[in-house]
Every structure is written in C-alpha cells, then in structure tokens.
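# Reading the structure
Spelled out, the chains give:
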Amino acid sequence: MPESEAIATELTIGALSDRSGVPASALRFYERKGLIASRRTVGNQRRYHRSTLRRLAFIRASQSVGIPLSVIEAVLEYVPHDVAPGRELWLKASECWSEAINGRIAKLERMRDQFTECIGCGCLSFDQCLLVNPGDKLARQGVSSALDS
C-alpha cells in the first residue's frame, strides 16, 4: 500500500494514544504481548490500523472487569489485527467470563462476611481467628499457641 493511502487508514502511536487514552508505553507493551500490531514505515515509525482502536476498547473493557491480559490475548488470537472486534466477540467473551467473574464475586462476598465476623469478635487469636491463621496452619508447623498470649 502506498504511504499516502496508508495514512488514511492508519494512526501513529501518538494519535492512537490520544484517541484511546492509552499511554504510548502501554501501546508498545500491548504490541510486545501480541495484543495489537503495527507496521513500520520506511522511517521505522509505527503505524496502527484504525481497527486497533476497537481492539484497545476490548482490552480495556476486559481489564476493567478483572480479566487477565493472558486470557484477553487468547481471545484476540482469533481476530485478525486489521479487523475490529465487534459485538459478537464481546458477547461470546462475556458468556465465557461471566462464570469466572461470578466466582470472584462470591469469593469476595465470603471474604467480606468472614472479615465482618472477625472484626465483631475482635480476638485476632492465632488459635481461633481464620484471618490470622486460616485452617490452623501454624499448628501444623509446630508453632505453639503460646504466641497467642
């Protein structure tokens, strides 16, 4: 593609950063991880396809709900770099990730309830407190309950 035609469909790293709100350093990191791709000009400058804006939106939205980059990367492997991820991809990903998100929510609720119970007790005992000594691990290590006094 001639350089003049590419300009219409591509963004510099600065323009991509400005339009997406993602710092240039993060863009370079995402590129190293394979989440986004660029081509290099004759002068070795990065040029990103405009569809990269949608990829970044997908990455950031996924991260905002706690999806690890490695999982996001696995999903984006199936989307060519010059194709914008659409609603269909988001729906499929959210179906897959809903179970994991619901599991994390349930775990956080259990942690909150346990924390509230322990704060109400106030003992912070090495013998009894599940927050200080979950599953009485210290007893299995031979640590004396005398630490509790």
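To keep things clear, this report deals only with the structure shown in the data block. Quick caveat: nothing in here was measured; it's all calculated off a predicted structure. (Residues numbered from 1 in each chain as written. Predicted model: local features only at pLDDT ≥ 70, side-chain atom pairs only at ≥ 80, totals over all residues. Heavy atoms only, no water.)

As a further point, take helix α5 (residues 69–76). A turn of α-helix holds 3.6 residues, and therefore any two residues three or four places apart point the same way. Of the positions making up α5, those classed as buried are Leu69, Ile72, Val75 and Leu76. Within α5, the buried residues cover an arc of 120 degrees as seen down the axis, which keeps them to one side. (Buried < 20%, exposed > 50% of the residue type's maximum accessible area, 1.4 Å probe, protein only. Helix = DSSP H or I, 4+ residues; strand = E, 2+ residues; numbered from the N terminus. Arc of directions from axis to C-beta.)

Along the chain, Ile72 turns up in helix α5. For Ile72, a relative accessible area of 0% gives the class buried. Separated by 10 residues in sequence, Ile72 and Ser62 place their C-alpha atoms 7.2 Å apart. Dropping the residues within four chain positions of it, Ile72 is found in contact with Leu35, Phe58, Ile59, Ser62, Gln63, Ile67 and Trp97. (Contact = heavy atoms within 4.5 Å.)

All right, on to the packing of helix α2 (residues 13–20) against helix α4 (residues 52–64) then. Relative orientation and spacing of two packed helices are given, respectively, by the angle between their axes and the distance between those axes. At a minimum axis separation of 10 Å, α2 and α4 run at an interaxial angle of 45 degrees. For the element pair α2 / α4, the angle class is oblique. Between α2 and α4 lies a crossing whose hand is right-handed. Residues Leu16, Arg19 and Ser20 of α2 touch α4, and the partners they reach there are Thr52, Leu53 and Leu56. In the contact of α2 with α4, the residues fall into 3 nonpolar, 2 polar and 1 charged. (Axes fitted to C-alpha atoms, helices over the stretch in contact; angles between N-to-C directions. Parallel < 35°, antiparallel > 145°, perpendicular 65-115°, else oblique. Left-handed = near helix turned anticlockwise from the far one by under 90°. Nonpolar A, V, L, I, M, F, W, Y, C, P; charged D, E, K, R; others polar.)

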